[in-house]
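# Coordinate inspection notes
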Amino acid sequence: MGLSRGMRGLCRICVHVFGAVSSDMGVTILHSIHKMCLAAYNQQKDSDSDLSNKGLCKSCPIVLFNNICDKLVGLTADEVVQELSNVIESLSNDDSLEVLQMFKPELKDVNAQNSLLVGCLRTIYERQQANHAHTPAAGRTSRRSTLEKRNRAVTLTDPVEPSTDTQQPLTTAQDRRQARRQKSSVRKLIYESVHLTGNSSRMEGILSYHSSEEPSSPLSSIISESSEGFDVVSARDEIQLKHWESLLDKQDQSPNLDSCRRDIEAAVFAGVPDSVRGRVWKTLSQMRKCKEEPLSSSLPYLELVEGAEPTIRDAILLDVGRTFPTHAYFREEFGPGQMSLHNILAAYSTFDSAVGYCQGIGFLAGLILSYFKDNEEEGFNLFKDLLTRYGLRDVYKPHMSGLKLRLYQLSRLVHDRHFSIHEHLNTHEVTPSLYAVSWIMTAFSAQLPFGISIRIMDFIFLQGIDALFKVILYTLDASEAEILSLKNIEVLMNYMKETIPQKIDASFEYRLKDIFSIDLTLELRELEIEYQVLHEDLESANKAELLETKYNLLKLQNKCHSNQITQLNRELERSRSERRALTAQIESLEAKNREEAMVLNFTILVCRMRWRCWGRGTPC
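Residues numbered from 1 in each chain as written. Predicted model: local features only at pLDDT ≥ 70, side-chain atom pairs only at ≥ 80, totals over all residues. Heavy atoms only, no water.

## Overview of the overall build of the protein
Scanning the protein from N- to C-terminus turns up 27 helices and two strands. Here the protein holds 620 residues, and 39% of them are scored as buried. Taking as baseline every contact in the protein between residues at least 6 positions apart, the subset at least 24 positions apart corresponds to 75%. Approximately 35,800 Å² of the protein is accessible, and the part contributed by carbon and sulfur atoms is 53%. (Helix = DSSP H or I, 4+ residues; strand = E, 2+ residues; numbered from the N terminus. Buried < 20%, exposed > 50% of the residue type's maximum accessible area, 1.4 Å probe, protein only. Contact = heavy atoms within 4.5 Å. Areas by Shrake-Rupley, 256 points an atom, 1.4 Å probe, with all protein chains shown as cover.)

Here you go:
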């Protein structure tokens, strides 16, 4: 059977995943999947016409109720409670009161309580549907306007204007208090803008992958591609290679020697030959002091690969083809490069279940794997050390706690070091969460040529994530004039996401000391503590707000119960009145019955006496 190379690769995947006995069965499975996808596409395509055929529109209350039910599918009981609470809050006061009256505290089963509330919501939406006037154009908003609303939702809403007398000394206590309040306000605003970064989907879709071509850069003139990858010409000197080998041997013999560490640091600035880069990264990783106990697993590498969940495997297979698509090692679809990358990511998802797999993490794994082609397991160990020893794993956790911290640190650094840029971006509601997420999650490797990406990775292994902040500050400094000249929000967003990374040009290699010699360690640590304090304050405020909401809800329920008690008391009094009336009626009937019985008894007595007289023949 004549199949293209891509189809043959897909057939191999189907045979592996579905356990098919032959390639022909794999082709059959592929055709079946194709038919199902086509049917699903046609069904989605005709959904709007189906609504019109049923006499419905997108704004119909019954359609909104169906959308609510779709959201509830697959949620836990607690998540359903939260979703229903949001829906109830959006209702009118009368409808909300009606729903709350259905609330039964005596029900201990959360699912039963949820079912009761959903039934009440259905009654309300059906009643609204009866009075609904169809508006076919309702609910149709352009993707662009929706995106702009979402972007505005995650920006700083109240920019803080710089004080006009910042150059004057603060001579009075009132001035100092005012400055402290202003600084505290800036911190809180920046924290809130970062905290609004999406939680549920780990920034799905926000990462920009390479297209068919890598971005052009003037740096390509000093970077050459070989079978081993890209290398900086200045690092190819044979003398430098021997110097590196002697440094690495010396470090292996005396790992705690400070002078050797300083020599290695200076050598990284001078350049790292491709032939020893993998060994250099391993050495730098071993020199790194781990802040917390590193993760460990007793499972061998192959078992970690096989232990990955099928859904995670599918997600990885979708992304590996978009990771470095022009690199020779990763270019072939389902080739050795892509499958090795899949194995490393699958193994890590099993090794670190708290992280699993996150879109964007494959770029870091790909950079490392390109220097461990012959030893996949060793590349996995280095990738594992990069995430665990350097504190990068928090960036990829489902709730993105580490990413929010890094975005906050970046916002504060820009505010303190490039205030004019910060104010200009803030005025146009452009925050780091809109342009810097991909920079941090992929270490610029999704935007830059492969050669410069590995050069940045050299300094990440040397200095940690601090190196990324230094690169970002360098690009912003080089682009300050252009950024301040842009007034249109769309042009500004495109410039921040696409054009700024291209500022890392041929001059980057010659400015390494200026870029990476800045010490941000203490400043980043202070910002981390500052973020944690703000986070704890916000959580405390949220808890207080939640308690207040619960109190108001209970107060409302108490009011409803009080109304119900008053109504029941009235019904009880009415019932008592009816009972007294019925009792009096019964007594009257009983008296009447007694009188009628007496008359009847007397009549019977008279009849008997007459009967006796008649029998005796005597007149009565």
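## Digging into the packing of helix H16 (residues 361-369) against helix H17 (residues 376-389)
Put simply, H16 and H17 touch, their axes get as near as 9 Å, and they point 130° apart. Put simply, H16 runs oblique to H17. Judged by the twist between their axes, the crossing of H16 over H17 is right-handed. Facing Ile361, Leu364, Ala365 and Ile368 of H16, the residues of H17 in contact are Gly379, Leu382, Phe383, Leu386 and Leu387. Looking at the contact of H16 with H17 residue by residue, the classes come out as eight nonpolar, one polar and no charged. (Axes fitted to C-alpha atoms, helices over the stretch in contact; angles between N-to-C directions. Parallel < 35°, antiparallel > 145°, perpendicular 65-115°, else oblique. Left-handed = near helix turned anticlockwise from the far one by under 90°. Nonpolar A, V, L, I, M, F, W, Y, C, P; charged D, E, K, R; others polar.)

## Quick notes on the pattern of salt bridges
For the structure shown, the criterion picks out 17 salt bridges. Arg313 is the partner of Glu306 in a salt bridge, and the nearest nitrogen-oxygen pair spans 3.9 Å. The partner of Asp352 in a salt bridge is Arg393, with the nearest N and O atoms 2.8 Å apart. Remark: Arg393 occurs in the loop between H17 and helix H18 (401-417) and Asp352 occurs in the loop between helix H15 (336-351) and H16; sequence separation between them is 41 residues. Comparing Asp352 with Arg393, the two get one shared label, buried. Salt bridges sharing common partners tie together Asp274, Arg277, Arg455 and Asp458. (Salt bridge = Lys/Arg side-chain N within 4 Å of Asp/Glu carboxyl O.)

## Topic: H17
Taking 1.5 Å as the rise per residue, H17 with 14 residues should run 20 Å; its terminal C-alpha atoms sit 20 Å apart, in good agreement. Listed in full, the buried residues belonging to H17 are Glu376, Gly379, Phe380, Leu382, Phe383, Lys384, Leu386, Leu387 and Thr388. Just past H17, the residue Gly391 takes up positive phi, approximately 70°. (Expected span 1.5 Å × (residues − 1).)

## Points about unusual backbone geometry
With a phi angle near 55°, Phe334 is a residue other than glycine that sits in the positive phi range. Note that Phe334 resides in the loop between helix H14 (310-320) and H15. The phi angle at Glu429 is positive, at roughly 60°, despite the residue not being glycine. Tracing the chain through its elements places Glu429 in the loop between helix H19 (419-427) and helix H20 (432-435). Judged by its relative accessible area of 26%, Glu429 is partly exposed.

## Some remarks on the side chain of Thr431
You can see Thr431 is positioned in the loop between H19 and H20. By relative accessible area, which is 5% here, Thr431 ends up buried. Within the structure, Thr431 has its side chain in polar contact with the side chain of Ser433 (distance 2.8 Å). (Polar contact = N/O pair within 3.5 Å; in protein donor to acceptor, adjacent residues only side chain to side chain.)

## Brief notes about the confidence of the model for the protein
Per-residue confidence for the protein gives a mean pLDDT of 77, with 74% of residues at or over 70. Taken element by element, the protein is modelled with least confidence in strand S1 (residues 223-226), mean pLDDT 37, and with most confidence in H16, mean pLDDT 94. Considering only residues more than four positions removed or in separate chains, one finds that residues 136-171, a stretch of pLDDT under 50, has 45 contacts. Here residues 208-236 is modelled with pLDDT under 50, and outside its nearest four sequence neighbours on either side it reaches 80 contacts, counting other chains as well. (pLDDT = per-residue confidence, 0-100.)

## Here's the deal with the side chain of His422
Among the secondary structure elements, His422 is positioned in helix H19. A distance of 3.3 Å separates a polar atom in the side chain of His422 from a polar atom in the side chain of Glu423.

## Examining the environment of Glu377
In this fold, Glu377 is placed in helix H17. The class for Glu377 is partly exposed, based on a relative accessible area of 42%. On a C-alpha basis, the gap between Glu377 and Pro300 in space is 9.5 Å, while along the polypeptide they are 77 residues apart.

## Describing the packing of aromatic side chains
For the structure shown, the criterion picks out 18 aromatic pairs. With a centroid separation of 3.9 Å and 5° between ring planes, the pair formed by Phe459 and Phe516 is classed as stacked. With Phe459 in helix H22 (residues 450-463) and Phe516 in helix H26 (residues 512-516), this residue pair connects regions lying 57 residues apart in the sequence. Classification of Phe459 as buried rests on a relative accessible area of 0%. Among the aromatic residues, those joined into a ring-pair cluster are Tyr301, Tyr348, Phe351, Phe380 and Phe383. Above the plane of the ring of Phe351 lies Lys384, whose end atom (NZ or CZ) is 5.1 Å from the centre. (Phe/Tyr/Trp six-rings, centres within 6.5 Å; stacked < 30°, edge-to-face > 60°. Lys NZ or Arg CZ within 6 Å of the ring centre and 35° of its normal.)

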